[in-house]
Amino acid sequence: MAALDLFGRRWNLRIIWELQHGPVGFRALQQRCDNMSSSVLRQRLTELLDAHLVAQQADTAYALTDLGRGAYQALRPLVRWSDAWASTLSVDDKA
């Protein structure tokens, strides 16, 4: 339940998604997340840092930890399901 609570908070999944390819600085991450407010981004990053899913590197960029990469991998089936769902909705809209 704790994981669902963490992932259910707005922006946390998006941050994990945006960090999947490697470290990103604060401003770049903010831009990738549709320019969310800096205070919300700081709060979400703190939550993910406390959960050991994200780490801040010496150059101040943020990156997924091993646990964070594991969380991303665990969410991949949901991404595949979401793609299938979107396709179904698209076909239904055309009918």
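Reading the values: rules and limits
- As a convention, each chain's residues are numbered from 1 in the sequence order in which they are written.
- Reporting of local features is limited, given that this is a predicted model, to residues whose pLDDT is at least 70; pairs of side-chain atoms are given and counted only at 80 or more, and all residues count toward the totals for whole chains, interfaces and linings.
- Side-chain calculation: all heavy atoms of the structure are included, whereas hydrogens and water are not.
- Only the six-membered ring of Trp is used, alongside the rings of Phe and Tyr, when aromatic pairs are assigned; centres must lie within 6.5 Å, and planes under 30 degrees apart are stacked while those over 60 apart are edge-to-face, with the rest tilted.
- The way it works is that DSSP assigns letters per residue, a run of H or I at least four long becomes a helix, a run of E at least two long becomes a strand, and they are numbered from the N terminus.
- Residue exposure (1.4 Å probe, protein chains only): buried if accessible area is under 20% of the type maximum, exposed if over 50%, otherwise partly exposed.

Under an unreviewed UniProt entry, the name given to the protein is Transcriptional regulator, and the source organism is Micromonospora arida.

Per the stated rule, a full pass over the model turns up 2 aromatic pairs. On the numbers, 5.3 Å between centres and 25° between planes, the contact of W81 with W85 is stacked. Placement of both W81 and W85 in helix α5 (residues 66–94) is noted, with a separation of 4 residues, approximately one turn of the helix.

Quick look at unusual backbone geometry now. Despite not being glycine, D34 has its phi angle at roughly 55°, a positive value. Structurally, D34 can be placed in the loop between α3 (26–32) and α4 (38–50). Using a relative accessible area of 54% as the deciding quantity, one classes D34 as exposed. For H52, which is not glycine, the phi dihedral falls at a positive 65°. Locating H52 in the fold gives a position in the loop between α4 and β1 (54–56).

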